[in-house]
Amino acid sequence: MIKNPWRDDFPQIHEGYTYLDTAAMSLKPRVVIEQVERYYSDLSVNVHRSLYPQGLLATELYEEVRQRVAGFIHADGEEIVFTRGATSALNLAAFALQESLIHEGDEVITSELEHHSSLLPWQVICQRKQAVLRYLPLTESGHITLEGFRSVLSSKTKVVALTYVSNVLGYVTPLQEIIHEAHQIGAVVIVDAAQAIQHIPIDVKQMDVDFLAFSGHKMCGPTG
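Now for a description of the structure that goes with this document. (Residues numbered from 1 in each chain as written. Predicted model: local features only at pLDDT ≥ 70, side-chain atom pairs only at ≥ 80, totals over all residues. Heavy atoms only, no water.)

**Brief notes about the pattern of salt bridges**
- For the coordinates displayed, the defined rule picks out 7 salt bridges.
- Between Glu 79 and Lys 205 there is a salt bridge, and its shortest N-O distance comes to 3.6 Å. Of the two residues, Glu 79 sits in the loop between α2 (53-73) and α3 (86-101) while Lys 205 sits in helix α7 (residues 204-207), which places them 126 residues apart along the sequence.
- Through salt bridges with shared partners, one network takes in Asp 76, Glu 79 and Lys 205. (Salt bridge = Lys/Arg side-chain N within 4 Å of Asp/Glu carboxyl O. Helix = DSSP H or I, 4+ residues; strand = E, 2+ residues; numbered from the N terminus.)

**Concerning the environment of Phe 95**
- Along the chain, Phe 95 turns up in helix α3.
- Overall, the relative accessible area of 32% leaves Phe 95 in the partly exposed class.
- Residue contacts for Phe 95: discarding those within four places in its chain leaves Pro 121, Ile 125 and Arg 128. (Buried < 20%, exposed > 50% of the residue type's maximum accessible area, 1.4 Å probe, protein only. Contact = heavy atoms within 4.5 Å.)

**Notes on the environment of Val 124**
- With respect to the helices and strands, Val 124 occurs in helix α4 (residues 116-129).
- In sequence terms Val 124 and Ala 182 are 58 residues apart; their C-alpha atoms lie 22 Å from each other.

**Quick notes on the packing of α3 against α4**
- Put simply, α3 and α4 touch, their axes get as near as 8 Å, and they point 20 degrees apart. By the angle between their directions, the pair α3 and α4 is classed as roughly parallel. The way α3 lies across α4 gives a crossing that is right-handed. On α4, the residues touching Thr 87, Leu 90, Asn 91, Ala 94, Phe 95, Gln 98 and Glu 99 of α3 are Ser 117, Ser 118, Pro 121, Trp 122, Ile 125, Arg 128 and Lys 129.
- A breakdown of the residues in the contact of α3 with α4 according to their chemical character gives 6 nonpolar, 5 polar and 3 charged. (Axes fitted to C-alpha atoms, helices over the stretch in contact; angles between N-to-C directions. Parallel < 35°, antiparallel > 145°, perpendicular 65-115°, else oblique. Left-handed = near helix turned anticlockwise from the far one by under 90°. Nonpolar A, V, L, I, M, F, W, Y, C, P; charged D, E, K, R; others polar.)

**Focus: unusual backbone geometry**
- For His 74, which is not a glycine, the phi torsion comes out positive at approximately 60 degrees.
- Its location among the elements puts His 74 in the loop between α2 and α3.
- If you check the backbone angles, Asp 208 has positive phi at about 65 degrees while not being a glycine.
- Inspection of the secondary structure puts Asp 208 in the loop between α7 and β5 (211-213).

**Comments concerning α2**
- Under the 1.5 Å per step criterion, the end-to-end length of α2 is 31 Å for 21 residues, consistent within 8% with the ideal 30 Å.
- Residues of α2 that are buried: Gly 55, Ala 58, Thr 59, Arg 66, Val 69, Ala 70 and Ile 73. In a view along the axis of α2, the buried residues occupy a sector of 120 degrees, so they form one face of it. For α2, the exposed residues set more than 90 degrees away from the buried face come down to Pro 53, Glu 60 and Arg 68.
- The elements touched by buried residues of α2 are α1 (30-43) and α7.
- Count one or two residues on from α2 and you reach His 74, which has phi positive near 60 degrees. (Expected span 1.5 Å × (residues − 1). Arc of directions from axis to C-beta.)

**Focus on the environment of Val 108**
- When you line up the elements, Val 108 lands in strand β1 (residues 107-110).
- When the C-alpha atoms of Val 108 and Val 188 are compared, they prove to be 9.6 Å apart, with 80 residues separating the residues in sequence.
- If we skip the residues at most four places from it in the chain, Val 108 touches Ile 102, Trp 122, Cys 126, Val 132, Leu 133, Arg 134 and Val 159.

**Description of the sheet that holds strand β3 (residues 157-163)**
- Reading across from one edge, β2-β1-β3-β4-β5 is the order of the 5 strands in this open sheet, with parallel pairing throughout. Pairing within the sheet leaves two strands with one partner each, and these edge strands are β2 (132-135) and β5. Between one strand axis and the next, the sheet turns by 15 degrees as a mean value, whatever way the strands run.
- Judged from the 4 bridges that link them, β1 and β2 form a sheet pairing that is parallel. Along β2, the bridge assignment pairs Ile 109 with Arg 134. (Pairing = 2+ DSSP bridges.)

Listed below in structure tokens is the structure:
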């Protein structure tokens, strides 16, 4: 049997163990486990609240992570918002935008490929605001296409909420073109990148995306 050196980084993996659920939750390498243990063993204090050494160090480490995440997706540090996960982030974006963006008769575009965290908030908001939730038509194979997007885009479109990569089929959405055309009519674009961030280089400035959410726990990070 050929031994893979990377397997030693994951204490969860043992002989005869095969893990096929990474799309839902990635395993954690030793370096991540050690850093979480370091926090609870050496610090275990709040950030942004304390002036004693441990509190200052925790805050410094926390903000260093913000800058690293910003660099990873080519964002500015102040654009990074930490939440409990992608579900929380997508819900926060939807419910924060509803009052200023969505009014009676307005339209929101989404697709049948969306995770519930990206779909259900807009169902609730559109029902509450008497707005229209429009589903982008998929191809027979389940792809999101620019042509399908154009068929539902209108002057009434206020929000476009789409996944970057389907968590079921793995298809990649042509986001660059969709974002450009959505912005042409003044719509806001919210992207669920939870299944894309691990595999596709993302530059949020080049994409010109308004909101983009992803989960650390799907890319070897801790939950929450």
